[in-house]
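Next come the chains, spelled out residue by residue.
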Amino acid sequence: MLDLPPSIDLAIIGAGPQALTLVTHLLQKRARFRPRFVVFDPSGTWLTQWHRQFAAQAIPHLRSPAVHHPDPDAFALRRFAEGRSDELFPPYDLPGTRLFQEFCAEVVQRWQLEQRVYPAKVVQLLPIGEGRRSRFQIGLENGSVITARRVLLATGAGIPQIPDWAEHISMTYPLERLCHAQQVNLNTLLLVGERILIVGGGLTSGHLAMGAIQRGATVTLMTRRWLQEKLFDANPGWLGPKYLKGFKAEPCWLNRWHRIQQARNGGSLTPTMMLNLRQAERQGKLVLEENCHVVSATWQAHSEVEPFDDHSRQHWQIHCDNGSSQSFDRIWLATGTRFDLQQHELLQEVLTRYPAEMVQGLPVLDFSLRIPGCECFIMGGLAALQIGPVARNLFGGKLASERIVPALIKG
Ligand SMILES: Cc1cc2nc3c(=O)[nH]c(=O)nc-3n(C[C@H](O)[C@H](O)[C@H](O)COP(=O)(O)OP(=O)(O)OC[C@H]3O[C@@H](n4cnc5c(N)ncnc54)[C@H](O)[C@@H]3O)c2cc1C
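Residues numbered from 1 in each chain as written. Predicted model: local features only at pLDDT ≥ 70, side-chain atom pairs only at ≥ 80, totals over all residues. Heavy atoms only, no water.

1. Structural notes on the overall build of the protein
Inclusion rule: Here a helix means four or more residues in a row that DSSP labels H or I, a strand means two or more in a row labelled E, and each is numbered from the N terminus. For each residue, the accessible area found with a 1.4 Å probe, counting protein chains only, is set against the maximum for its type, and the residue is called buried under 20%, exposed over 50%, and partly exposed in between. The contact criterion used throughout is that any non-hydrogen atoms of two residues lie within 4.5 Å. Residue burial considers only the protein chains on display, and all accessible areas are found by Shrake-Rupley using a 1.4 Å probe. Charged residues are defined here as Lys and Arg on the positive side and Asp and Glu on the negative side; His and the ends of the chain fall outside this count. By convention, the charge on Lys lies at NZ, on Arg at CZ, on Asp at CG and on Glu at CD.
Along the backbone of the protein there are 12 helices and 21 strands. When the backbone C-alpha atoms are referred to their principal axes, the protein occupies close to 75 × 50 × 45 Å. Every one of the 411 residues in the protein was classed for burial, and the buried ones make up 51%. Here the contacts in the protein between residues at least 6 apart in sequence split such that 68% fall between residues at least 24 apart. Accessible surface for the protein amounts to roughly 19,500 Å². Of this, 51% is attributable to carbon and sulfur atoms. Of the side chains in the protein, 43 bear a positive and 37 a negative charge, and the two mean positions are spaced by 10 Å.

2. Thoughts on the state of the cysteines
Which entries qualify depends on this criterion: To count as a disulfide, a pair of cysteine sulfur atoms needs to be within 2.5 Å.
Counting across every chain of the model gives 0 disulfides. Looking at the unpaired Cys 179, the closest cysteine sulfur is the one in Cys 320, lying at 19 Å. With relative accessibility at 10%, the residue Cys 179 sits in the buried group. Sulfur of Cys 376: no disulfide; nearest cysteine sulfur belongs to Cys 374 and is 5.2 Å away.

3. Concerning the sheet that holds strand β17 (residues 330-333)
The condition that has to hold: DSSP calls a pair of strands paired once it identifies at least 2 bridges connecting them. The convention used is that axes are lines fitted to C-alpha atoms, helices contributing only their stretch in contact, and that angles between N-to-C directions extend from 0 to 180 degrees.
Strand order in the open sheet formed by 5 strands is β10-β17-β11-β12-β13, and the pairing between neighbours is parallel. Strands with a single pairing partner mark the edges of an open sheet, and in this sheet they are β10 (178-180) and β13 (286-289). Ignoring strand direction, the axes of neighbouring strands in this sheet form an average angle of 20°. As defined by bridge partners, strand β11 (residues 195-199) adjoins strand β12 (residues 218-222) across 5 bridges and the pair is classed as parallel. Paired with Ile 196 across the two strands is Val 219, which belongs to β12. Across the sheet, helix α9 (residues 271-282) is in contact with β12 and β13; its angle to β13 comes to roughly 115°.

4. Describing the side chain of Asp 41
Our working definition: Think of a polar contact as two N or O atoms within 3.5 Å of one another; within protein, one of them needs to be a possible hydrogen donor and the other a possible acceptor, and neighboring residues in sequence only count if both atoms come from side chains.
Turning to its location among the elements, Asp 41 is positioned in strand β2 (residues 37-41). Within the local environment of Asp 41, its side chain forms a polar contact with the side chain of Ser 43, the two groups lying 2.9 Å apart.

5. Some points on the domain arrangement of the protein
What counts is decided by this rule: Domain extents, as shown, originate in an automatic or database domain assignment. By buried area we mean how much accessible surface two parts lose on assembly, using a 1.4 Å probe and totalling the loss over both. Each salt bridge in this description consists of a side-chain nitrogen of Lys or Arg and a carboxyl oxygen of Asp or Glu lying within 4 Å of one another.
Domain boundaries in the protein define domain 1 (7-159 + 338-410) and domain 2 (162-228 + 266-337). On a C-alpha basis, the centroid separation for the pair domain 1 and domain 2 is 33 Å. The interface of domain 1 with domain 2 comprises 13 residues on the first partner and 16 residues on the second. Interface area, domain 1 with domain 2, both sides summed: about 1,000 Å², of which 47% is carbon and sulfur. Taken as a group, Ala 56, Gln 57 and Arg 63 account for 55% of the area that domain 1 buries against domain 2, more than any other trio of residues on that side. The tally of links from domain 1 across to domain 2 stands at 0 salt bridges.

6. As for the site of the ligand
Put simply, the test is: Nearness here has a simple test: a residue counts as near a molecule or strand if at least one of its heavy atoms is within 4 Å of that partner. Just so you know the grouping, Ala, Val, Leu, Ile, Met, Phe, Trp, Tyr, Cys and Pro go in nonpolar, Asp, Glu, Lys and Arg go in charged, and all remaining residues, Gly too, go in polar.
The environment of the ligand is formed by 29 residues, the closest being Asp 41, Arg 63, Ser 64, Val 122 and Leu 394. Pro 17 places a main-chain nitrogen or oxygen 3.3 Å from an oxygen atom of the ligand. Contact distances for the ligand include 2.6 Å between an oxygen atom and a side-chain N or O atom of Asp 41. Compared with its free state, where it exposes 980 Å², the ligand has 82% of that area covered by protein. No other element matches the 4 residues that helix α2 (residues 48-56) contributes to the shell around the ligand. Among the residues making up the shell around the ligand, the classes are represented as 15 nonpolar, 10 polar and 4 charged.

7. Section: the packing of aromatic side chains
The condition is simple: By convention, a stacked pair of Phe, Tyr or Trp rings (six-membered ring in the case of Trp) has centres within 6.5 Å and planes under 30 degrees apart, an edge-to-face pair has planes over 60 apart, and any other such pair is tilted. The criterion is that NZ of a Lys, or CZ of an Arg, lies within 6 Å of the ring centre and within 35 degrees of the ring normal, and then a charge sits over that ring.
Taken as a whole and judged by the stated rule, the model has 9 aromatic pairs. Considering the side-chain rings of Trp 50 and Phe 54, the 4.5 Å spacing of their centres and the 20° angle between planes classify their relative orientation as stacked. Of this pair, Trp 50 and Phe 54 both sit in helix α2, 4 residues apart, roughly one helical turn. In this structure, Trp 50 and Phe 54 share a single accessibility class: buried. Ring geometry for Phe 80 against Phe 103: centres 5.6 Å apart, planes inclined by 65°, an arrangement best described as edge-to-face. Of this pair, Phe 80 sits in helix α3 (residues 76-80) while Phe 103 sits in helix α4 (residues 97-110), placing them 23 residues apart in sequence. An aromatic cluster of three or more residues is present, and its members are Trp 50, Phe 54 and Phe 100. Between the NZ or CZ atom of Arg 36 and the centre of the ring of Phe 33, over which it lies, the distance is 4.5 Å. Here the guanidinium or amino end of Arg 256 rests over the ring plane of Phe 247, the centre of that ring lying 5.2 Å away.

Printed below as a string of structure tokens:
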């Protein structure tokens, strides 16, 4: 395991694809930066959360094309995939899950980063000192404390969005019977004969629906709007100047926030997933309930119908806005996540000392993605007011690195 010095230059919190992208871009520009940073992640390895979520939802391939990945050379993945064209999926060579995993392992090896992740959760981030002597005191879950001159926050996943009706269920129920998509692991579930309600119209709903059907369940997929069909979650114009030029020129942060919402426009399904779902619908394994939402859900722990009747088992009784009432064995909320810096447990003390302007939970960062006034950099969805709607995606990591790396090298 990496030895932890008492004082370091840069502490990177999180070892997901965003952090890996930053590190490869940094080393490409300044190889001698290597001894000056430490990456912290409870797993002690790179991309654990990424691999976990792809496995848990049985996702066969990425939604983004083969040129989006953590290496600075956009074509590195294509070269790595030579002879494996069957693992690049149409229409834009979307990398298969295993191909991407093996490529990222090769990136980690090639940049000699295998031993760079220190296995610990950061539990405290305290700004100390003044002016040129200002530092961050970093408390780890194992009790160790170190100081760092600069910090990069790449902690990923937002906060699960839970619909009001689900927040307000008063009775107790087995926790695994109502979960957010982040908590579902298809690989641990036997679903033969079960009726599952999946709420939400994004690609995660589609993956969970197909995975549940393959495991023997029948699924109802319920969406507030009509299902939206899109290749990518934001138009590719957001990867370059086509849309980003106007976005960056927009002086009003609230307008920028609205543009991000419009660009992502809630969840959407890829054409391939739409095809799979329609086929499952024709086979009677899936019901698509569009323009419909749950009003209330009640857990029926004891049934009044005949014992041994199929409906006598414990179940959810849900009522919808269209007046219908239905029973389900499980409810999965594929209702997305939101980013809110004010709720980020690590940043409270930093924000007290360096208050940042907030727009709908997103911080107004400086050009180099720092909280203004201090050396705390932020990547991922929380940097969206500067990076745009793809901030949380793989390509967002590249756009963020292009701003952060020059500041790290200069400082
Ligand atoms: C199912 C799914 C599929 C996706 N597919 C794509 C895709 O095909 N293409 C695309 O571009 N994007 C995709 N995304 C979006 C995005 O790229 C991923 O969510 C990606 O994992 C985000 O990377 P990240 O580094 O920001 O966060 P994460 O991968 O979540 O990594 C953050 C890491 O930080 C660690 N961490 C958190 N708190 C602390 C702490 N206090 N101390 C230490 N470590 C901490 C976590 O343990 C985690 O390992 C997908 C997202 C999901 C959910």
